[in-house]
Structure formats: structure tokens, C-alpha cells
Amino acid sequence: MPLIIKDEYPEKLFREDGKRLDGRDKHELRPIKMEVGVLKNADGSAYLEWGNNKIYCAVYGPRDVHPHYLAKPDKGILRVFYRMSTFSVFERKRPAPGRREKEISMVLTDCLEPLLFLELYPGNSFEVFINVMDADGGTRCACATVAALALADAGVPMRSLVTAVAVGKIDGELVTDLSGIEDKAGDADLPCAITWFNEEFSLLQFDGKMDLKEFDKCLILAKNALTKIHEIQLNALKNKYIAIQEEYSGGKNKK
Ligand code: UDP
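Because the structure is predicted, anything quoted here is derived from the model rather than measured. (Residues numbered from 1 in each chain as written. Predicted model: local features only at pLDDT ≥ 70, side-chain atom pairs only at ≥ 80, totals over all residues. Heavy atoms only, no water.)

## So, the packing of aromatic side chains
We apply this condition: Pairing of aromatic side chains requires ring centres within 6.5 Å, counting the rings of Phe and Tyr and the six-membered ring of Trp. Pairs whose planes differ by under 30 degrees are stacked, by over 60 edge-to-face, and all others tilted. Each residue is assigned to one of three classes by its accessible area relative to the maximum for its type, calculated with a 1.4 Å probe on protein chains only: buried under 20%, partly exposed between the two thresholds, exposed over 50%. Remark: a charge is flagged as sitting over a ring if the NZ atom of Lys or the CZ atom of Arg is within 6 Å of the ring centre and within 35 degrees of the ring normal.
Applying the stated rule across the entire model yields five aromatic pairs. Taking 4.9 Å as the distance between ring centres and 85 degrees as the angle between the ring planes, the aromatic pair formed by Tyr121 and Phe126 counts as edge-to-face. Comparing Tyr121 with Phe126, the two get one shared label, buried. Ring plane angle 70 degrees and centroid distance 6.1 Å describe the contact between Phe206 and Phe215, whose orientation is recorded as edge-to-face. Each residue in the set Tyr60, Phe81 and Phe129 is aromatic and connected to the rest through ring pairs, giving one cluster. Over the ring of Phe117 we find Arg159, and its NZ or CZ is 4.2 Å from the ring centre. Its guanidinium or amino end placed over the ring of Phe197, Arg159 lies 5.9 Å from that ring's centre, counting from NZ or CZ.

See below:
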């Protein structure tokens, strides 16, 4: 998948053959790979490649809250730290978390919180550290998706997973899973996430312009894409246990 490294906005976001600049159809997802249990020092972890995005997530908890004043006597707390590496984007990113990273950390906390039974963990915290190693649009969605997997990998009781994707509009056409350049040069960007236990949106942001009919269509496009991505998440979790089973059965279960 070609990585557009310079922040130059192309005039058109569709090629002559009707495909998007990276060769995708309008509603085609970028290639997605997910794996859990990738970091041995974390309680749970996951890695995700989504197009050119590369993201690691580590989860710790339940554990004591530091600093202590953040602890709540009646429930646990969830803390999410979204960070972009200095080398993850074309223009070097300052290492200190900026306004955007703080906002995305907050948005991701709200997105993940409905999944957890925080009322069962008074005085404790769950901490989710997400590091974007390579970024190419849709990182907040990719981070919500990989964080849900890392929480599950940590054995944290959860109501379900959450899955996120950005849909939107480029050159007047509705599209699924915007790349970095489509996000910047397109007409509208709508990142959203669904929590599967109640099929409710736990993330819905909007940037740009579209009419109400298009907005409704976008939600349907998002639901279709999210169903496919959820399947990949579930397979990533299953694959870890298939690998363990194979290891303990001396490879007897290998097909
Ligand atoms: N980006 C960048 N420099 C930054 C922040 C973002 O080049 O400091 C790029 C990066 O590829 C990111 C994209 O712009 O994925 C879109 O950023 P946005 O803030 O819309 O969030 P995202 O789509 O990643 O959730």
C-alpha cells in the first residue's frame, strides 16, 4: 500500500479507473492484521497493522491507582494514554503529549469504559498504553480496536469488544476507512465505534460537511465495516489460544 509521505494534497482522491489513490474500491477496508499477547511485561497486549498504521497496546490492571488521589472508593478507574511516536508521521512529532493526544486519550477512555465492570474494582485502576509507531489516518479508531483486544488479552472481564472505523466523504463520494490523505484532503470524516454487547455507538466524531441522508448512509457503511473488523478481532483472540493448545498438545492438533 503506497504511503503518501508528504503533506501535499492531491487534486483528486479517485483515479481515472474509479479506484481510490491506494487502489481500493469505495467501501474496501485497508488490509488489517491483529495479534494479541505480543508484549511479555504487560498484563495484556495487542498489535495491529491497519493499512500503514502500526500500533502497540499494553494493558495493566487491576492494580493500585497512582497517584492515589485519583482513586475512587466506589469503583475502579480506566486511564488511557494515546501517544504517537516522534517518527510515526512525516513531520517529526514532539515527544510531549500535545492537545490532540490528550483529547484522543479522553475520547478513547469514553469509548472503552462501557465495556468494563469498573464497579467491581473500587480503588483500582486499569491502564491502557497505546503507542502509534506509524500513522496514516484513522489512528483513534485503530487504537480503540486494538485496546479492546489488549484488555481482553489481560483477562479483564468485559461486556464485549468495541470496534471502530472511520467512514466519510471524499470528492463527493461516501467511502469507508479513510487513509491519512483522504482524511486531510477529503470532504468529511466520521470516526465511530460500536460496543457489541448493546450495539451502541461509544465513539462518534464528525469533521467536515455532508447532508443528513449521507450521514445516515455513513452509519450503515460503518456498521458493515465494523462487523468485518470485529471478526478479525475475534480471530486474533482465538489464534492465541489455538497456538497455546498446539504447543501443549505437542503439535498434535496441527492441521
Ligand atoms: N497526523 C500527522 N501529524 C500529527 C497528527 C496527525 O501527520 O501531528 C496525521 C496522521 O497520519 C493521522 C492523520 O494525520 O493518522 C489524521 O489525524 P487525525 O487527527 O484526524 O486523527 P486520526 O484520523 O489518526 O484518528
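Having seen the model, we can carry on.
## A word on the site of the ligand
The test is simple: Here a residue is considered near a molecule or strand provided that any single heavy atom belonging to it is located within 4 Å of it. In protein, a polar contact means a hydrogen-donor-capable atom and an acceptor-capable atom, both N or O and within 3.5 Å, with residues adjacent in sequence counting only if both atoms are side-chain atoms; elsewhere, any N or O pair within 3.5 Å suffices. For accessible areas, the Shrake-Rupley method is used with a probe of radius 1.4 Å. Any residue's cover is judged against the shown protein chains and nothing else. Working definition: helices are DSSP H or I runs of at least four residues, strands are E runs of at least two. Numbering for both runs from the N terminus. Only Asp, Glu, Lys and Arg are considered charged in this grouping, and only Ala, Val, Leu, Ile, Met, Phe, Trp, Tyr, Cys and Pro are considered nonpolar; every other residue, Gly among them, is considered polar.
Close contacts around the ligand come from Met84, Val89, Arg100, Ala135, Asp136, Gly137, Gly138, Thr139, Arg140, Asp183 and Lys184, and that covers them all. A distance of 2.5 Å separates an oxygen atom of the ligand from a polar side-chain atom of Thr139. Residue Asp183 places a side-chain N or O atom 3.0 Å away from an oxygen atom belonging to the ligand. Within the complex, the protein chains bury 77% of what would otherwise be the 500 Å² of accessible surface of the ligand. For the shell around the ligand, the secondary structure elements donating two or more residues are helix H2 (139-153) and helix H3 (180-185). In terms of residue class, the shell around the ligand is made up of three nonpolar, three polar and five charged.

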